[in-house]
Amino acid sequence: MTNSSEKIILHDNVTVGDAGRLRFAGVDTAALAKKYGTPLYLVDADRIRCRIALYQTEMKAAFGGQSRPVYAGKAFCVKAIYRIMAECGASVDLVSPGELFTAKEAGFPLERAFFHGNNKTDADIALALDSGVGCFVCDSREELIALDRLAGERGIRQTILLRVTPGIDPHTFAAVTTGKVDSKFGSPIATGAALDLTKLALQLPHIELVGFHCHIGSQIFDVSPFADAADVMLRFIASVRDETGFVASVLNLGGGFGVRYTESDPAFDYAAAIRSLADAVRRDASANGLPMPTVLMEPGRSIVADAGMTLYTVGTVKEIPGFRTYVSVDGGMPDNPRYALYRSVYTVVNATHADRAPDRAVTVAGRCCESGDLVAEGARVATPERGDLLAVLVTGAYNYSMASNYNRIPRPPVVFLSNGKDELVVRRESYEDLVRNDL
Ligand code: LLP
């Protein structure tokens, strides 16, 4: 829907339209702000469909067989995204009973779901079993034993993957590194714990182990840590075969491909990365005398991040000479906690004057009663004034899903854009919503 003659900002779904106003997925952001108010989450639904299709096509071609992406819903979890995943024939990764419930309410076929979690309670396990979740990704001895008991009570033999840690450090930021030996997730291969749990899983009568899972981290632009993880995993699969005779048919390599948040991030070629990872897996499988497994990947960020944008209205603009200019907006850390948590850098655009060159370095502040409530520091924008719309780009992943009601600020609505049309998929929270459970 984007007019090809329009100037592009960072991603081709962000363009400069009439009178210098920013357009997203071909739609005028000023018109959307007027219709829905700000702050506002916008989602380019067609971009999500294209990305999932890209993973599906490339993974099938590169790894073969049933290899496919499993969308990691933690990146962005609303009923509407599960409707898209259902329609695209995609699988999903659920990490909590709340995500499971959301998918179920959306009518997502749960036999295509993978149920994660490092500390599933008996109630979580029972809910997932009773909902017909296709595959559990089991994390611990306690979970295996509880699952075997609860599946047995229901007369079910539940398909599972076992989550293991390959001991790979992808050198991304610490909060999202998960594949190292010292991790709350999975059991380490290096200490022998993974092999012990595998033997246990193979003995339990109500569990059907089909393969292994690992996830090394997030926002990774380099294929080599994934190839290293695949190498460790295939050697592990071979050692399990040698010890027990069991040959895993599924290898889940987790999520983690990077996304371009700013001009200084590289543009990532997902198709090329998938192909080179497939070459590595094929080489490792053959070196270990193993058949090519069904390979699953769990992309979250790279499916939804650049499909998202947040629109704010500028309020106060305060210049402190010798220090900085604070531009306060009508949202902040409640709708985007990633700067406060990780110092994540975003591209900010004055959406009212997107045709103007960025001429000011500003700090974008939220309206919470907390100095750390910032969305960006040193962001270069065309000088904003009260009433201008400010767009923060690439907010589709881990923004809405991590949003809070800090300071009793209602969460913004979510509007999907598709084929030039807008559709409200999550209403703006009301003040009544905020007190709904208060007694
Ligand atoms: N699979 C597993 C088991 C995961 O733990 C994750 C992310 C994914 C898949 C998806 O990874 P992705 O493709 O999105 O990188 N809140 C942080 C990100 C935490 C990621 C946690 N796990 C952030 O805002 O950057």
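Residues numbered from 1 in each chain as written. Predicted model: local features only at pLDDT ≥ 70, side-chain atom pairs only at ≥ 80, totals over all residues. Heavy atoms only, no water.

(A) Spotlight on the overall build of the chain. Of regular secondary structure, the chain possesses 12 helices and 22 strands. For the chain, whose C-alpha radius of gyration is 23 Å, the value lies close to the compact-globule estimate of 22 Å for 439 residues. On the principal axes, the C-alpha backbone points of the chain span a range of 70 × 55 × 45 Å. Put simply, the chain has 439 residues, and 58% of those count as buried. Across the chain, every contact between residues at least 6 apart in sequence was considered, and the portion connecting residues at least 24 apart equals 68%. Only carbon and sulfur atoms are counted for the fraction: they give 50% of the accessible area of the chain, which is about 17,900 Å². (Helix = DSSP H or I, 4+ residues; strand = E, 2+ residues; numbered from the N terminus. Rg over C-alpha atoms; globule rule 2.2 N^0.38 Å. Buried < 20%, exposed > 50% of the residue type's maximum accessible area, 1.4 Å probe, protein only. Contact = heavy atoms within 4.5 Å. Areas by Shrake-Rupley, 256 points an atom, 1.4 Å probe, with all protein chains shown as cover.)

(B) Inspection of the pattern of salt bridges at higher detail. Counted according to the given criterion, the structure contains 23 salt bridges. Between Arg49 and Glu87 there is a salt bridge, with its nearest N and O atoms 2.8 Å apart. In this pair, Arg49 is assigned in helix α2 (residues 45–63) and Glu87 in helix α3 (residues 79–87), connecting sequence segments 38 residues apart. Judged by relative accessible area, Glu87 falls into the exposed class, the value being 54%. Here Glu143 makes a salt bridge to Lys120, at a shortest N to O gap of 2.7 Å. With a gap of 23 residues between them, Glu143 in helix α6 (residues 141–153) and Lys120 in the loop between β8 (113–115) and α5 (122–130) connect regions that are remote in the sequence. The same class applies to Glu143 as to Lys120, namely buried. Each of Asp12, Arg47, Arg51 and Asp306 takes part in salt bridges that share partners, so that together they form one network. (Salt bridge = Lys/Arg side-chain N within 4 Å of Asp/Glu carboxyl O.)

(C) Examining the site of the ligand more closely. Looking at the ligand, there are 20 residues lining it, with Ser218, Glu298, Arg301, Arg338 and Tyr398 nearest. At 2.7 Å, a backbone N or O of Arg301 approaches an oxygen atom of the ligand. Interatomic distance of 2.7 Å between a side-chain N/O atom of Tyr398 and an oxygen atom of the ligand. Out of a free accessible area of 590 Å², the ligand has 92% covered by protein chains. A per-class count over the shell around the ligand returns 7 nonpolar, 7 polar and 6 charged. Domain assignment of the residues forming the shell around the ligand places at least three in each of domain 1 (7–44 + 306–434) and domain 2 (116–299). (Near = heavy atom within 4 Å. Polar contact = N/O pair within 3.5 Å; in protein donor to acceptor, adjacent residues only side chain to side chain. Nonpolar A, V, L, I, M, F, W, Y, C, P; charged D, E, K, R; others polar. Domains from an automatic or database assignment.)

(D) The arrangement of the side chain of Thr262 in detail. Mapping Thr262 onto the fold places it in the loop between β13 (250–252) and α9 (270–287). Setting aside chain neighbours within four positions, we find Thr262 in contact with Leu10, Val345, Tyr346 and Thr347.

(E) Broad picture of α2. Here α2 is 19 residues long and its end C-alpha atoms lie 27 Å apart, about the 27 Å a rise of 1.5 Å per residue gives. The set of residues buried in α2 consists of Ala45, Arg47, Ile48, Arg51, Ile52, Tyr55, Glu58, Met59, Ala62 and Phe63. (Expected span 1.5 Å × (residues − 1).)

(F) Fine view of the state of the cysteines. Tallied over the full model, the rule gives 0 disulfides. No disulfide involves Cys50; its sulfur sits 9.3 Å from that of Cys88, the nearest cysteine. The class of Cys50 is exposed, set by a relative accessible area of 53%. (Disulfide = S-S within 2.5 Å.)

(G) Region of the structure containing the sheet that holds strand β3 (residues 22–24). Ordered in space as β1-β2-β3-β4, the 4 strands form an open sheet in which the pairing is antiparallel. Every interior strand has two partners, whereas the edge strands, β1 (7–9) and β4 (27–28), have only one. Bridge analysis of strand β2 (residues 11–16) against β3 gives 3 bridges, and the strand direction is antiparallel. Across the sheet, residue Val16 finds its bridge partner in β3, namely Leu22. (Pairing = 2+ DSSP bridges.)

(H) Here's a closer look at the environment of Ser371. Residue placement: Ser371 occurs in the loop between β18 (360–365) and β19 (374–381). Residue classification places Ser371 among the exposed residues on the basis of a relative accessible area of 74%.

(I) Local environment of the packing of α2 against α9. As a packed pair, α2 and α9 sit with axes 9 Å apart at the nearest point and diverge in direction by 30°. In this view, α2 runs roughly parallel relative to α9, as classed from their interaxial angle. α9 is crossed by α2, and the crossing has right-handed handedness. In this structure, α2 uses Arg51, Leu54, Tyr55, Glu58, Met59, Ala62 and Phe63 to contact α9, whose residues at the interface are Tyr270, Ala271, Ile274, Arg275, Leu277, Ala278, Val281 and Arg282. Residues of the contact of α2 with α9, tallied by class, amount to 11 nonpolar, no polar and 4 charged. (Axes fitted to C-alpha atoms, helices over the stretch in contact; angles between N-to-C directions. Parallel < 35°, antiparallel > 145°, perpendicular 65-115°, else oblique. Left-handed = near helix turned anticlockwise from the far one by under 90°.)

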